[in-house]
Amino acid sequence: MPAGAEPAPVDSRSVPVVITRPRAQCDALGAAVTALGREAVLLPLLEIAPLPDPAALRGELARLDDYALVAFVSPNAIDAAFAHIAAWPAGVAIAVLGEGSRHSLAAHGVSDANATIFSPQDASRSDSEHLMASLDLAALAGRRVLIVRGETGRELIADGLRAAGALVTTVAAYRRRVPALTPALAAQITPLIERPCDWIITSSEALRGLFGLVEQIGGAAAVAKLQQQHLIVPHARIAETAAALGVGPLTLSGSGDASLLAALQSRA
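Residues numbered from 1 in each chain as written. Predicted model: local features only at pLDDT ≥ 70, side-chain atom pairs only at ≥ 80, totals over all residues. Heavy atoms only, no water.

Moving on: the packing of aromatic side chains. Applying the stated criterion across every chain yields a total of three aromatic pairs. Aromatic pair F72 and F82: ring centres 6.2 Å apart, planes at 40°, arrangement tilted. Of this pair, F72 sits in strand β4 (residues 69-72) while F82 sits in helix α3 (residues 75-82), and the two are 10 residues apart along the sequence. In this pair, the class of F72 matches that of F82, namely buried. What makes F82 buried here is its relative accessible area of 10%. (Phe/Tyr/Trp six-rings, centres within 6.5 Å; stacked < 30°, edge-to-face > 60°. Helix = DSSP H or I, 4+ residues; strand = E, 2+ residues; numbered from the N terminus. Buried < 20%, exposed > 50% of the residue type's maximum accessible area, 1.4 Å probe, protein only.)

A word on the nonpolar core. For soluble globular proteins, the rule of thumb is that nonpolar side chains tend to be buried together. By size, the foremost hydrophobic cluster in this structure holds 27 residues, and its most contacted members are L43, W199, I201, V214 and L231. Residue assignment for this core shows that the elements contributing at least two residues are α8 (183-193), α9 (204-227), β10 (230-233) and α10 (236-244). Among residues more than four places away in sequence, those in contact with L43 are V18, I19, T20, L185, Q188, I189, L192 and W199. One finds I78, A81, L105 and L146 within the second-largest nonpolar core, a separate group that totals 25 residues. (Core = buried A, V, L, I, M, F, W, Y, C linked by side-chain atoms within 4.5 Å. Contact = heavy atoms within 4.5 Å.)

Turning our eyes to something else, we now look at the pairing of β10. Side-chain alternation along β10 places H230 and I232 on one buried face and L231 and V233 on a second face that is also buried. As paired strands, strand β9 (residues 198-200) and β10 are joined by three bridges and run parallel to one another. From the neighbouring strand, D198 faces β10, where its bridge partner is H230. A crossover connection joins β9 to the parallel β10 through α9; in handedness this β-α-β unit is right-handed. Relative to strand β11 (residues 250-252), β10 is paired through three bridges, and the arrangement is parallel. Paired with V233 across the bridge in β11 is L252. Following the backbone out of β10, through α10 and into the adjacent parallel β11, one traces a crossover that is right-handed. (Pairing = 2+ DSSP bridges. Right-handed = clockwise from strand over helix to strand, strands pointing away.)

A covalent bond bridging the sulfur atoms of two cysteines is what the word disulfide describes. Applying the stated rule across the entire model yields zero disulfides. Between C26, a cysteine without a disulfide, and C197, which holds the nearest cysteine sulfur, the sulfur-to-sulfur distance is 15 Å. (Disulfide = S-S within 2.5 Å.)

So far we have only geometry, and geometry alone does not tell us how the molecule works.
This is how it looks when you write it as structure tokens:
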């Protein structure tokens, strides 16, 4: 390149879109990205696995009629629970965090037409804080609430409900983990951080896992390259994690596939 010349701008339409959701949620978004004329790269950064012993989960789900409200923290929690639910009981309300969970409920035959479903009023803010704001906490005082989640997770919903006087039970429905670094995974990640990509990151845990994997692959130099990649994230909490990890380019899209796709289109 001649001295003083600037690099040619990158056409964002030629930039791969890396989708890092768990494998079960990758395909539909990948197809939608491809329909936009973009290259979709599926790179699941969290592995979702069944519990080795689901007895506790089955036990709580057998008593759903005892609960005034059941909160599912993710689509994975819904899918894992409904493997043990024949039909949703009438009169038991449901709380979910976002549009992805509503779609998962619909896939199991549960919608606003046949159940009371609470979710954040602002679909772009699908987090625990906004879910709590959508609930009538006073009406839950003294009543039983079940939270279905992974083996680990934030306690904000449980703590908030207990503070309001609800009788809260939490039960694990699945386990999740960052995949171990293998030669095949390293071979997939390495070229992605060597060129500009748009990374769709829907979990702080997955983002921290990605940084750990990249550090194992190439140390500080590889991490520095990752920090210059453009991230698209649906929640402010993930944006805060990205900032703490030193990420520069970032778009906060709002929750749901439609918002993620709109963020991609705005870069075209």
